[in-house]
Structures are given as C-alpha cells and as structure tokens.
Amino acid sequence: FLESSVSDDRGESWSPRVNLTPFTSANQASLPLFLPDGALMVPYITFLTPATSVANFRIESKVSADGGRTWPAGSNIAVASVAGWDDPDLRDGVFLIGAAAARTTGEVFVCYTAVVGGSPRVLVIKSANRGATWSAPVGVSDQPAGVSVMNPAVAVTPDGRGVTVVWMDRRQATAALP
C-alpha cells in the first residue's frame, strides 16, 4: 500500500503519515506531481495478479486538494488493465511508470511499457482534468516487433505543447528474445 507525509518547512518536520491506498492493496511506482492549483496528484500502479507475476496491473491516480495531507477514498482508473512486459535478460522496471505535469496547463502525461499485439511497446496517456478522465494510450516506441523495450520516462514543457519520452530498447542486441 502507499502512504504519504508532508513537509511545508523544507523537510525540517513532517506531518503524520496517512494512507493513500488501502492497507490491503498491492501498489508500486507512485509519482507525486504538483498541479498548477497546488493540488497533489499521484499516479501509481495496482497489481491485478500477485506481485511476483508480470501478468497484469492497472494504472490509477488520486488527487489530494491539501498537498497530500488527506486523500479521497476512491481512485481514478487511468488504464484498467496493462499486460506488463518484463525483459527476460535485463533488469528493468516493468511496473515503473513515468509521469510529468505541465506547470501552466496542469496536463498530466504518464508513460509505461505494455505488450500490444504480442510485442512490447512504450505507451503514453494524458489527462487534462486532474485525472478524472484519461486519453486512450498512444504508442510511441518504434522498435521492430518482438524487440524488447523498457524503462520509459516522460518530460513536458510548462505549456504542455512539448512532450518527450525516452526509453531503452534492444534493437541493437545480438540475442533474440525467447
């Protein structure tokens, strides 16, 4: 599960911790992002299968109006089910999403790796309304089918017009995937 604690004095002291997700949930990859109105959004993943399995997870988000001191009970589902990709040879971050918020517009971009059409791909989703709704995933990686891809990260300009996604892939690797 995920918890949060807040400091408003540059880390000199911290608020009591509060649960962001239920104690019984299995979550990872929490990425806190301040929005232009001062609210705090946290995109994260929730495992749909045991944490030792790559099979499925979903991407969710929550928004705290008071900077992380309290959280709503429910979450917004950004992607209902992700078929995760875990490179068989390299240590990667199959459950690690990337996230960035445009400082002036508040648009939030989340990137992740998933199996699409039998091949791993980097995908990006966007929310323009504090995570209430999310765009359909857009594939951004251009590696040939069957070539492993992993560890995406995203950055966005303050006005949200420029979005950059970076990732690792194995298109130059000499060993084929199993």
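Residues numbered from 1 in each chain as written. Predicted model: local features only at pLDDT ≥ 70, side-chain atom pairs only at ≥ 80, totals over all residues. Heavy atoms only, no water.

S.K.: I keep staring at unusual backbone geometry and nothing clicks. Help me out?
M.R.: Both trends apply: most residues other than glycine have a negative phi, and most peptide bonds are in trans. The phi torsion at R10 lies on the positive side, around 60°, for a residue other than glycine. Following the sequence through the fold, R10 ends up in the loop between β1 (3-4) and β2 (18-19). Not every positive phi belongs to a glycine, and R130 is a case in point at roughly 60°. If you trace the backbone, R130 turns up in the loop between β10 (119-127) and β11 (138-139). (Helix = DSSP H or I, 4+ residues; strand = E, 2+ residues; numbered from the N terminus.)

S.K.: I tried to follow the sheet that holds strand β8 (residues 98-101) on my own but got confused; where do I start?
M.R.: The pairing of strands in a sheet happens through backbone hydrogen bonds and is either parallel or antiparallel. The strand order across the open sheet built from four strands is β8-β9-β10-β11, with neighbouring strands paired in antiparallel fashion. The two strands at the open ends of the sheet, each matched to only one other strand, are β8 and β11. Pairing analysis gives four bridges linking β8 to strand β9 (residues 108-116), with the strands arranged antiparallel. Bridged to A101 within β9 is V108. (Pairing = 2+ DSSP bridges.)

S.K.: I tried to follow the pattern of salt bridges on my own but got confused; where do I start?
M.R.: Where charged atoms of side chains with opposite charge meet at close range, the side chains can pair. Within the structure shown, the criterion is met by six salt bridges. The closest approach of N and O atoms between R58 and E60, which form a salt bridge, is 2.6 Å. (Salt bridge = Lys/Arg side-chain N within 4 Å of Asp/Glu carboxyl O.)

S.K.: Honestly, the confidence of the model for the chain in this entry has me stumped. Any pointers?
M.R.: Predicted coordinates in areas of low pLDDT are best not read in detail. Residue-level pLDDT values for the chain average 89, and 94% of them are 70 or greater. Across the chain, the element-wise mean pLDDT spans from 85 in strand β3 (residues 27-28) up to 97 in β8. (pLDDT = per-residue confidence, 0-100.)

S.K.: I tried to follow the packing of aromatic side chains on my own but got confused; where do I start?
M.R.: By convention here, two paired aromatic rings are described through the distance between centres and the angle between planes. Tallied over the full model, the rule gives three aromatic pairs. Aromatic side chains F47 and F95 sit 4.6 Å apart centroid to centroid with 80° between the ring planes, which places their arrangement in the edge-to-face category. With F47 in strand β5 (residues 40-47) and F95 in the loop between β7 (76-83) and β8, the pair connects residues that are 48 residues apart, well separated along the chain. An identical accessibility class is assigned to F47 and F95; each is buried. A connected cluster of aromatic rings, assembled from ring pairs, spans F47, F57 and F95. (Phe/Tyr/Trp six-rings, centres within 6.5 Å; stacked < 30°, edge-to-face > 60°. Buried < 20%, exposed > 50% of the residue type's maximum accessible area, 1.4 Å probe, protein only.)

S.K.: Teacher, can you tell me more about the side chain of R121 here?
M.R.: Within the fold, R121 resides in strand β10. Here the side chain of R121 touches Q143 through a polar contact of 2.5 Å, landing on its backbone oxygen. With residues near it in sequence (within four places) discarded, R121 still touches Y112, T113, A114, V116, S141, D142, Q143, P144, A145 and V149. (Polar contact = N/O pair within 3.5 Å; in protein donor to acceptor, adjacent residues only side chain to side chain. Contact = heavy atoms within 4.5 Å.)

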